[in-house]
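Examining the three-dimensional arrangement
Residue strings, one per chain:
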Amino acid sequence: MEHQHKLLKYLRQEILPTTHCPGCGCGQVLNAFANAMHDLQIDPVNIISVTGIGCSSWIPSPYLKCDTLHTTHGRAVAFATGVKVIRPKSKVVVIAGDGDLAGIGGNHLVHAARRNVGLSVFLVNNYIYGMTGGQVSPTTPFGAVTTTTPYSNAEYPFRIAEVVAAAGANYVARWTTYHIRKIITAMKEVLQKKGFAFVEIISQCPVSYGRRVGLRDGVAFMKYFKKSSVSVAKAKDMSEEELEGKIVVGKLVERDRTEFTESLREINVRCTANAEPI
Amino acid sequence: MSRELPKVNGFYVQFEDEIGSIAAVIGAARAGAITMTATSGPGFSLMQENIGYAIMTETPCVVVNVQRSGPSTGQATKPAQSDILAARWGTHGDHEMIALAPNSVQECCDLMIECVNLSERYRHPVIFLMDGEIGHLREKLVFPMLEDLDLFPRGGFDPADESGLIKPMREFGHGEAIHITGSTHKENGMRDVVSQEVHENLISRLCDKIDRNQDNIIRYEERFMVDADVIVVSFGAASRPALGAVIRARDKGIKVGYFRLITIWPFCGERMAEIGKRVRTILVPEMNLGQLAREVERFVSVPVVRVSKIGGIAHSVEDIYMSIVNSMENRQSSAIRG
């Protein structure tokens, strides 16, 4: 029998190879997610993937072989909330980018975290709107040159994982694509966590971002991520100045507030018990 | 609904904005629920992009727009009927639309059931185009019995479909790895944004499935039409004083007819063209500056008189009655001149 890679069964093989650019981090994220599914023995029938617009949304859609709702720009989390309310037993997964989730859909992101709706959200942060040609995003570093900030970015970036943590999510972590095994572990934790569970995955876009800031390929990015990363524990003892330009990696928050759709169902149990028959 | 839905194990979620509401409604529909959302004016503008998503992905849902004065914030809570064209063309791209307009509290109930059925049958978003006047009405309402409702089953096949272009809807959660996208896609749901044929076939089908079922969708109400010289065409809030004015004019011996649109989109152009051949003048009282009149004009060659009223106050019977009388006098004077 012909040997088949153990993860291929999680993918729509007829569509491979992916359309991601050489050196892109999206393939790593797809690989990590398929590994996480495999390790947890999750049947794809139990996964509903909801994505938005952008390169990162193409990680699950169309490559991941599960029910997929590829939605409008920025709105994936809002669509996913509707899905989760009706199918609370499904694992509803959002993989999307910084432009999508932190930019146009930033409002939905913080409110979903506040509601603590049981979504597994992976924000693939490559610092840029890559698909559309490298426009500045809400996570682009201050001073960076992009196609729409040709003289340098005058805006400060969101520290989006901290924003989501402050909004009330049950689980928040940040890793980079250099930390691929940590990402797999975090993904497994997220997929098993009740409530809003979120990982910011710092990723690389050599084509639309890196080449304008001196990071021309995937390897250059790996070296940069390795050099710049500081653990959450270590960062606690560092000053704001010392943390300048660093990427704080690790688990930021883990707590156990009641999941939103569980609360809704609890209300329904009360109301249907008391309701007069219709 | 926030009070009633949990009692029947339904779910009500108030979102951060109207974009989130319509998004969640579409997501919940794909997950298996019958869904709706409601808004007024500015919120309807916010929903437009995802209404297009529902069209493109053939996801049933009902969007209530209780029309109010606009543009922008306009006169908050004051009634208007000025979103007729926003309902039709508010979302970008080629598409058809289904929109119904009630003119009583009873119809708010009865037509809503019809809206749900239309959205399920044609797998298309349906706009429930109310106006603030109807939205604030208090009238007697008789709820139908649940067992008397004829509800179109989700995933069902419609034997009355005259287009042959509608496939039964599939839902998430059954291991089919369904791929739904707002991008142009092939019949298997997979994205293909390059091929001209794929786009043309998809968009033509989405439009034709509504277009060819017009006779099954379009509803209107006609009274006093048989010998009418003049007819009054209206819908929603404006149709109530319109009926009063027509009855008063009939009492005075004026041959005037009453035509009320229940389905706004698709527009009853064929019927309007037939009527246009039999009457001499068409009056269109509406709470905007002529959006419906403009549509009527596309199908008739007789004069279409705009009886517009804006500013948050509905027409009175007198307003419309006088416009009927004036139209008769104008015609007589032009006949004398002729």
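Everything discussed here concerns the structure shown above.
Residues numbered from 1 in each chain as written. Chains lettered and ligands numbered in written order. Predicted model: local features only at pLDDT ≥ 70, side-chain atom pairs only at ≥ 80, totals over all residues.

1. Some details on the overall build of chain A
Secondary structure summary: chain A contains nine helices and ten strands in total. Compactness check: chain A gives a C-alpha radius of gyration of 19 Å against a globular reference of 19 Å for 278 residues, within 12% of the reference. Across its three principal axes, chain A shows a C-alpha extent of roughly 70 × 55 × 35 Å. By residue count, 51% of the 278 residues in chain A fall in the buried class. (Helix = DSSP H or I, 4+ residues; strand = E, 2+ residues; numbered from the N terminus. Rg over C-alpha atoms; globule rule 2.2 N^0.38 Å. Buried ≥ 20, exposed ≤ 12 C-beta atoms within 10 Å, placed from the backbone.)

2. Details of helix α4 (residues 105–122) of chain B
All names here are of chain B. Between its first and last C-alpha atoms α4 spans 25 Å; for 18 residues at 1.5 Å apiece the expected length is 26 Å, and the two agree. Listed as buried for α4 are Leu111, Cys115, Val116, Leu118, Ser119, Glu120, Arg121 and Tyr122. Tucked inside the fold, the buried residues of α4 contact β2 (61–67), β3 (98–100), β4 (125–131), α6 (196–211) and α7 (214–217). Just beyond α4, the residue with positive phi is Arg123, at close to 50°. (Expected span 1.5 Å × (residues − 1). Contact = placed C-beta atoms within 7 Å.)

3. Structural notes on the environment of Gln135 of chain A
Residue and element names in this part refer to chain A. Positionally, Gln135 belongs in strand β6 (residues 135–136). Judged by the 17 C-beta atoms lying within 10 Å of it, Gln135 falls in the partly exposed class. For Gln135 and Thr147, which are twelve residues apart along the polypeptide, the C-alpha to C-alpha distance reads 5.3 Å. In this structure, Gln135 is in contact with Tyr129, Thr146, Thr147 and Thr148, ignoring residues within four places of it in sequence.

4. Structural notes on helix α4 (residues 106–115) of chain A
Among the residues making up α4 of chain A, those that are buried are His108, Leu109, Val110, Ala112, Ala113 and Arg115 of chain A. Asn116 of chain A lies just past α4 of chain A and shows a positive phi near 60°.

5. With respect to the sheet that holds strand β7 (residues 230–234) of chain B
Note: strands within a sheet are paired through backbone hydrogen bonds, in either parallel or antiparallel orientation. All names here are of chain B. Overall, mixed pairing links the five strands, which are arranged β6-β8-β7-β10-β11 in an open sheet. Each end of this open sheet is capped by a strand with a single partner; those strands are β6 (220–223) and β11 (304–308). Sheet twist, expressed as the average angle between the axes of neighbouring strands with direction ignored, equals 20°. With respect to the sheet, helix α8 (residues 236–251) is in contact with β7, β8 (256–261) and β10 (281–286), its orientation differing from that of β8 by roughly 165°. (Pairing = 2+ DSSP bridges. Axes fitted to C-alpha atoms, helices over the stretch in contact; angles between N-to-C directions.)

Read these as spatial facts, not as claims about activity.
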